[in-house]
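Summary of the model geometry
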Amino acid sequence: MRRTCQRLALSCPGSTRATGTKADFSTPNTGAEADFSTPNTGTKTDFSTPNTRNQAVKSFEEIPGPKSLPFVGTLHKYLPLIGEYQFDRLHWNGLAKYRQYGPLVKEEIVPGVHLVWVFRPEDIETVFKSEGRYPERRSHLALEKYRLDHPEVYSTGGLLPTNGEEWWRIRSELQKGLSEIKHVRSNLDNVNNVMDEFMDLRIGHQATFQDFLPELERLYLECK
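Here goes a summary of the coordinates provided. No experiment lies behind these values; they were computed from the predicted model shown. (Residues numbered from 1 in each chain as written. Predicted model: local features only at pLDDT ≥ 70, side-chain atom pairs only at ≥ 80, totals over all residues. Heavy atoms only, no water.)

**Topic: the overall build of the protein**
Summing up its helical and strand segments, the protein has eight helices and two strands in all. In the protein, the order of α-helices and β-strands from amino to carboxyl end is α-α-β-β-α-α-α-α-α-α. Sequence-distant contacts, at least 24 apart, represent 58% of the contacts inside the protein between residues at least 6 apart. Of the roughly 16100 Å² that the protein leaves accessible, carbon and sulfur atoms contribute 55%. (Helix = DSSP H or I, 4+ residues; strand = E, 2+ residues; numbered from the N terminus. Contact = heavy atoms within 4.5 Å. Areas by Shrake-Rupley, 256 points an atom, 1.4 Å probe, with all protein chains shown as cover.)

So, in C-alpha cells, the structure goes:
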C-alpha cells in the first residue's frame, strides 16, 4: 500500500493545500450539486491521469493531509466543538479533505495507523490492481470475534470480516451458490418467512421505537 501511494503522490502536490479554514458541515441546498472545485481557484479539478514519465516519485511522507499530534494523531480533529470533522458525517469529512489537500490525502488517525483517502478514479484503479490476492482489512474485527466465539451459530467468521486464505476459501464456496439463479430462488421462501415474522413481531401492532437500530441488529445478527 505504501509503495502504491508513493506512485500516486506524484499527482498530489503540496500546493493544493489551503490554510486557516474549517470544513463546512452545513446541509447543502436541496437540488444543488456539491462543489468539487479546487480551493482558491474556482476551476474544476482535472481528474485526468497526469504525465509522470519525467517526474520523480515522491515519498509516502510527502502526501499532504491533516497534521498528526503525538499520542492522539488526528483524533482531536473529530472532537465536538473544537474539531473540524465529525465521525457521523464521513462523506463531508472526505469532501472537506479533498477541497483542502487535493485528490490524495494521508491521515494518521492514531499514531502509527495511517489512512489514505483516494478520490481520483484512476488512482482507485491503481490501488486495486496493486493489491494481493487476499484482503487484509482491519474493520469488522469485533464481528469476526463474535461469530468465532459462537460456533453453535456460525461455522466461520463470515466473508466480510475474514482475511487471508480463509477469506478466499469462504468466497469460493459462496460464489458457487450465488452464481446460479436457481440457488437464489431456492432460498427466497426462507428469507421471506424471516422478514414476515420480523414485521409481524417487531413492526406490527403499530409499535413505536425510540431507537430502531437494536431491532435491526436482532434481525441481521439473528439475536433474540
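Next comes the rest of the description.
**Some remarks on the nonpolar core**
For soluble globular proteins, the rule of thumb is that nonpolar side chains tend to be buried together. Core analysis: the biggest nonpolar cluster contains seven residues, these being Tyr 78, Tyr 85, Ala 96, Tyr 101, Val 105, Ile 109 and Trp 117. For this core, the secondary-structure elements that each account for two or more residues are helix H2 (90-101) and strand E1 (104-110). Discounting residues that sit within four places of it in the chain, Tyr 78 has contacts with Gly 83, Tyr 85, Gln 86, Phe 87, Asn 93, Lys 97, Glu 107, Ile 109 and Trp 117. Core analysis: the next-biggest nonpolar cluster, separate from the first, contains five residues, Ile 63, Leu 104, Val 118 and Val 127 among them. (Core = buried A, V, L, I, M, F, W, Y, C linked by side-chain atoms within 4.5 Å. Buried < 20%, exposed > 50% of the residue type's maximum accessible area, 1.4 Å probe, protein only.)

**Some remarks on the pairing of E1**
Burial of E1 is extensive: five of the seven residues sit out of reach of the surface. Strand direction decides the pairing type here: E1 and strand E2 (residues 113-118), joined by six bridges, are antiparallel. Counterpart to Glu 107 in the pairing with E2 is Leu 115. Hairpin connection, E1 to E2: the antiparallel pair is bridged by two residues, and Gly 112 has positive phi, about 90 degrees. (Pairing = 2+ DSSP bridges.)

**Some words on the packing of helix H7 (residues 188-203) against helix H8 (residues 213-220)**
At their nearest, the axes of H7 and H8 sit 11 Å apart, and the two run at 150 degrees to each other. As judged from the angle between their axes, H7 and H8 are roughly antiparallel. Where H7 crosses over H8, the two elements pack in a sense that is right-handed. Of H8, the residues touching H7 (which contributes Val 194, Met 195, Phe 198 and Arg 202) are Glu 215, Arg 218 and Leu 219. Here the contact of H7 with H8 is built from residues that sort into four nonpolar, no polar and three charged. (Axes fitted to C-alpha atoms, helices over the stretch in contact; angles between N-to-C directions. Parallel < 35°, antiparallel > 145°, perpendicular 65-115°, else oblique. Left-handed = near helix turned anticlockwise from the far one by under 90°. Nonpolar A, V, L, I, M, F, W, Y, C, P; charged D, E, K, R; others polar.)

**A look at the packing of aromatic side chains**
Using the criterion set out here, one finds seven aromatic pairs in the structure. For the pair Tyr 78 and Tyr 85, a centre-to-centre distance of 5.4 Å together with 50 degrees between the ring planes defines the contact as tilted. Exposure remark for Tyr 78: the relative accessible area of 7% places this residue in the buried category. Assessed through its relative accessible area of 2%, Tyr 85 is described here as buried. When the ring of Phe 198 is compared with that of Phe 212, the centres are 6.5 Å apart and the planes differ by 65 degrees; the resulting orientation is edge-to-face. Taken together, the positions of Phe 198 in helix H7 and Phe 212 in the loop between H7 and H8 put the pair 14 residues apart, joining distant regions of the chain. Residue class for Phe 198 comes out buried when judged on its relative accessible area of 11%. Among the aromatic residues, those joined into a ring-pair cluster are Tyr 78, Tyr 85 and Phe 87. Residue placement shows Lys 97 over the ring face of Tyr 85; its charged tip is 4.6 Å from the ring centre. One Lys or Arg, Arg 133, reaches over the ring of Trp 168 and ends 4.4 Å from the middle of that ring. (Phe/Tyr/Trp six-rings, centres within 6.5 Å; stacked < 30°, edge-to-face > 60°. Lys NZ or Arg CZ within 6 Å of the ring centre and 35° of its normal.)

**Notes on unusual backbone geometry**
Most of the time, phi is negative for any residue but glycine, and the peptide bond is trans. Positive phi, normally seen in glycine, also occurs at Phe 71, with a value near 75 degrees. Within the element layout of this structure, Phe 71 appears in the loop between helix H1 (2-8) and H2. The class for Phe 71 is exposed, based on a relative accessible area of 78%.

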